[in-house]
Amino acid sequence: MSSFSPGFSGRGRSAADRLPPGQYPTESFPVLSAGPTPKVSTETWKFTITLENGEERNWSWNEMMALPQEEPVHDIHCVTRWSKFDTRWRGVSMDTLFEDIETSADYSVAHSYGGYTTNLPLEDLLDGKAWIVHSYDGYPLSPEHGGPARLLVPHLYFWKSAKWVRGLHLTHQDEPGFWEAGGYHNYGDPWQEQRHWGD
Ligand SMILES: Nc1nc2c(c(=O)[nH]1)N[C@H]1C(S)=C(S)[C@@H](COP(=O)(O)O)O[C@H]1N2
Ligand SMILES: [Mo]
């Protein structure tokens, strides 16, 4: 199943309509990493959802690849003001991973190999809004861009799309992640220009 939807991804809308305030479009794909690129092999890669009671669900690389794959196409928006239209990914919808999960948590923190974290309300990961992606534009995701797999949450600023993602912790209380604790906005809606705390 493809998550492509003309209305939502913006096909047919003019570039100006698709550009959140304060952003400019770019054709290139800048790399933004707060630290060195961790080396993560698909042999040891594992994705873990940790529930609020400490219970875990785990997927190996092969288990993740055996799940239904989607090809989301979305515009992405970096808080440093570049936006890139129609980025094309391949991966597993968060809805698929949450199919057998029962939780009353309202929040989540994504954790990455290398130590990066970012927080998201759980509802922003569900209902076709987020994926674990492992391919970009038809090729395996490069290590600089988060390979072997990253989170993709295109409706929020791109810092929420954790590269080298290794898991999600579900929580009852919202816990700011790396950039959120460093002054970035807690939610990060590009259309509201939520760049920093107080925006
Ligand atoms: N693990 C991890 N994920 C991360 C980052 C990071 O430093 N480490 N940077 C974030 C920021 S600020 C942005 S804009 C995007 C950049 O993704 P890109 O390098 O593929 O363009 O990744 C986000 N995810
Ligand atoms: Mo960013």
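Residues numbered from 1 in each chain as written. Chains lettered and ligands numbered in written order. Predicted model: local features only at pLDDT ≥ 70, side-chain atom pairs only at ≥ 80, totals over all residues. Heavy atoms only, no water.

**Thoughts on the overall build of the protein chain**
Helix and strand counts for the protein chain stand at five helices and eleven strands. When its C-alpha atoms are laid out on the principal axes, the protein chain stretches across 45 × 40 × 35 Å. Evaluated residue by residue, the protein chain yields a buried proportion of 50% over its 199 residues. Look at the contacts in the protein chain between residues 6 or more apart in sequence, and 66% of them connect residues 24 or more apart. Here the protein chain has roughly 9,600 Å² of accessible surface; of this, 50% comes from carbon and sulfur atoms. (Helix = DSSP H or I, 4+ residues; strand = E, 2+ residues; numbered from the N terminus. Buried < 20%, exposed > 50% of the residue type's maximum accessible area, 1.4 Å probe, protein only. Contact = heavy atoms within 4.5 Å. Areas by Shrake-Rupley, 256 points an atom, 1.4 Å probe, with all protein chains shown as cover.)

**Focus: unusual backbone geometry**
Negative phi is the rule for most residues except glycine; trans is the rule for most peptide bonds. The peptide bond linking G147 to P148 adopts the cis configuration, its omega dihedral lying at 15°. Backbone geometry places R81, a non-glycine residue, at a positive phi of 95°. Among the structural elements, R81 can be located in the loop between strand 4 (73-77) and strand 5 (82-93). By relative accessible area, which is 36% here, R81 ends up partly exposed. One non-glycine residue, D137, lies in the positive phi region at around 55°.

**Re the site of ligand 1**
Close contacts around ligand 1 come from 19 residues, with P30, A34, H145, R150 and K163 the closest. Measuring from an oxygen atom of ligand 1, one finds a side-chain N or O atom of R150 at 2.7 Å. Take K163: an N or O atom from its side chain is 2.6 Å from an oxygen atom of ligand 1. For ligand 1, the accessible surface in isolation is 530 Å², of which the surrounding protein chains cover 97%. Considered class by class, the residues forming the shell around ligand 1 number 13 nonpolar, four polar and two charged. (Near = heavy atom within 4 Å. Polar contact = N/O pair within 3.5 Å; in protein donor to acceptor, adjacent residues only side chain to side chain. Nonpolar A, V, L, I, M, F, W, Y, C, P; charged D, E, K, R; others polar.)

**Some points on the pattern of salt bridges**
Evaluation of the coordinates by the stated rule reveals eight salt bridges. In this structure, R90 and E71 form a salt bridge, with 3.0 Å as the shortest nitrogen-oxygen distance. You can see R90 sitting in strand 5 and its partner E71 sitting in the loop between helix 3 (61-66) and strand 4, a full 19 residues away along the chain. When its relative accessible area of 32% is taken as the criterion, R90 is described as partly exposed. Between E180 and K160 there is a salt bridge; the shortest N-O distance is 2.7 Å. Separated by 20 residues along the polypeptide, E180 in helix 5 (residues 178-181) and K160 in the loop between strand 10 (150-152) and strand 11 (165-171) bring together distant segments of the chain. For E180, a relative accessible area of 1% corresponds to the buried category. For K160, a relative accessible area of 1% translates into the label buried. Through salt bridges with shared partners, a single ionic network connects R18, D75 and D86. (Salt bridge = Lys/Arg side-chain N within 4 Å of Asp/Glu carboxyl O.)

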